[in-house]
Amino acid sequence: METQYFQYKGINFASMLYSEERLHFLENDFQVRDDDVFNVTFPKSGTHWMVEILSLIRSNGDPSWCQKVPNWERIPWLEISGYAGQFADHQTSPRYFSSHLPIQFFPKSFFTSKAKIIYTARNPKDVLVSLYNFALMSTVIKTPHSFDELIEDFLNGTVPFGSWFDHIKGWMQMKDRNNFLFITFEELKKDHRGTVMKICKFLGKELDEEALDLVVEHSSFKMMKDNSMSNHSQAPEFFIDKNSNFLRKGISGDWRKCLTEAQKENVDKLYKEKMEGFNMKFVWDEL
Ligand code: PPS
């Protein structure tokens, strides 16, 4: 199936999953509730890892929900109107949603609510590598002719959901609000348990040591890869090739092996330009 995009206010979305009507409704008319929780990311930054962690926290570490129900039903996508869209609108409170929306398209009602957002970000060079591999296995992003082509699209912000730079800079305006938690993929890799504890604290959820251990164990890369409800092997064929590795490597720093020196310099140069004057340092700025 050929991938088609439409533009919503200058940003590309894949026509098979998203619609202008849904995006307009979400932005203007969707009613956020005070006990809603949103898992927000730019694509390939650890969305599904957070889905697993949040699912396990909700079930006090009991893995049976994660083993019986696919991830897109457990914590549905806010913006998808197609096959998985029905789950978002049929939740009972407290509702959990995943979203890749940039801040300017997020429901206006969120900004006057007490609903919580966990925003997970990842080194953009690792996002690029992950996105390129995803583009080769999924129909929700156009298949690039080369890695260089994808890098150009990423740097120009013409990949779905727009510019990584605008996404993170936009959402970081929220960083000092007490209903916003900023997490990085790198932090989760380095201190999985400590980060889960931080998430529990943010959500006001107390888990005992045993439950915490279960959350960490069942949200590990290996467990998720072996779980057909988490590894996308049950996802519709039109969305992703069933034999592909949606959970590909799950590491930080893969860009070192995958980007040539020229590609790295190209990305670094634009990163510097785009992040100039932005008064926040990220863990990957030190690498
Ligand atoms: S998507 O399609 O945009 O929602 O993708 P997203 O879930 O945001 O990101 C996919 C990458 O996250 C990795 N992943 C994990 N890494 C480590 N541990 C765990 N448990 C885990 N779960 C998902 C996944 O492998 C993708 O990264 P890459 O680098 O491609 O492996």
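Provided above is the structure to which this section pertains.
Residues numbered from 1 in each chain as written. Predicted model: local features only at pLDDT ≥ 70, side-chain atom pairs only at ≥ 80, totals over all residues. Heavy atoms only, no water.

1. Here we look at helix H14 (residues 261–275)
- Helix length check: H14, at 15 residues, gives a terminal C-alpha distance of 21 Å against a target of 21 Å (1.5 Å per residue), a fit within 8%.
- Looking at the buried residues of H14, the elements they touch are helix H6 (124–137), helix H7 (147–156), helix H8 (164–171) and helix H13 (255–258).
- Positive phi shows up at Gly-277, right after H14, with a value of about 80°. (Helix = DSSP H or I, 4+ residues; strand = E, 2+ residues; numbered from the N terminus. Expected span 1.5 Å × (residues − 1). Contact = heavy atoms within 4.5 Å.)

2. Remarks on the packing of helix H2 (residues 47–58) against helix H10 (residues 192–203)
- Orientation of H2 relative to H10, taken along the N-to-C sense of each, is 60°, at an axis distance of 11 Å. Accordingly, the angle class assigned to the pair H2 and H10 is oblique. Considering the relative orientation of H2 and H10, their crossing is right-handed. Contact with H2, carried on its side by Trp-49, Met-50, Ile-53, Leu-54 and Ile-57, involves His-192, Val-196, Ile-199, Cys-200 and Leu-203 of H10 and no other residues of that element.
- For the contact of H2 with H10, a count of residues per class yields nine nonpolar, one polar and no charged. (Axes fitted to C-alpha atoms, helices over the stretch in contact; angles between N-to-C directions. Parallel < 35°, antiparallel > 145°, perpendicular 65-115°, else oblique. Left-handed = near helix turned anticlockwise from the far one by under 90°. Nonpolar A, V, L, I, M, F, W, Y, C, P; charged D, E, K, R; others polar.)

3. Side note on the nonpolar core
- Counting 95 residues, the largest nonpolar core has Phe-13, Phe-38, Tyr-119, Trp-164, Trp-171 and Ile-199 as the members making the most contacts within it.
- Beyond its immediate sequence surroundings of up to four residues, Ile-199 is in contact with Met-50, Ile-53, Leu-54, Ile-57, Ile-118, Leu-181 and Ile-183. (Core = buried A, V, L, I, M, F, W, Y, C linked by side-chain atoms within 4.5 Å. Buried < 20%, exposed > 50% of the residue type's maximum accessible area, 1.4 Å probe, protein only.)

4. Points about the site of the ligand
- Close contacts around the ligand come from 21 residues, with Thr-47, His-48, Ser-130, Lys-249 and Gly-250 the closest.
- His-100 places a side-chain nitrogen or oxygen 3.3 Å from an oxygen atom of the ligand.
- In terms of residue count, the dominant contributor to the shell around the ligand is H2 (three residues).
- Taken together, the residues of the shell around the ligand sort by class into eight nonpolar, nine polar and four charged. (Near = heavy atom within 4 Å. Polar contact = N/O pair within 3.5 Å; in protein donor to acceptor, adjacent residues only side chain to side chain.)

5. As for helix H11 (residues 209–218)
- Of the positions making up H11, those classed as buried are Ala-211, Leu-212, Val-215, Val-216 and His-218.
- Of the surrounding secondary structure, the elements contacted by the buried residues of H11 are H2, helix H3 (64–68), H10 and helix H12 (221–226).

6. Re the side chain of Ser-99
- Structurally, Ser-99 can be placed in strand E4 (residues 96–99).
- Side chain to side chain, Ser-99 and Glu-79 meet in a polar contact 2.9 Å long.
- Engagement of the side chain of Ser-99 in a polar contact is seen with the backbone nitrogen of Leu-101, the distance being 3.0 Å.
- Residues within four places of Ser-99 in sequence aside, it is in contact with Asn-39, Val-40, Thr-41, Trp-77, Leu-78, Glu-79 and Phe-106.

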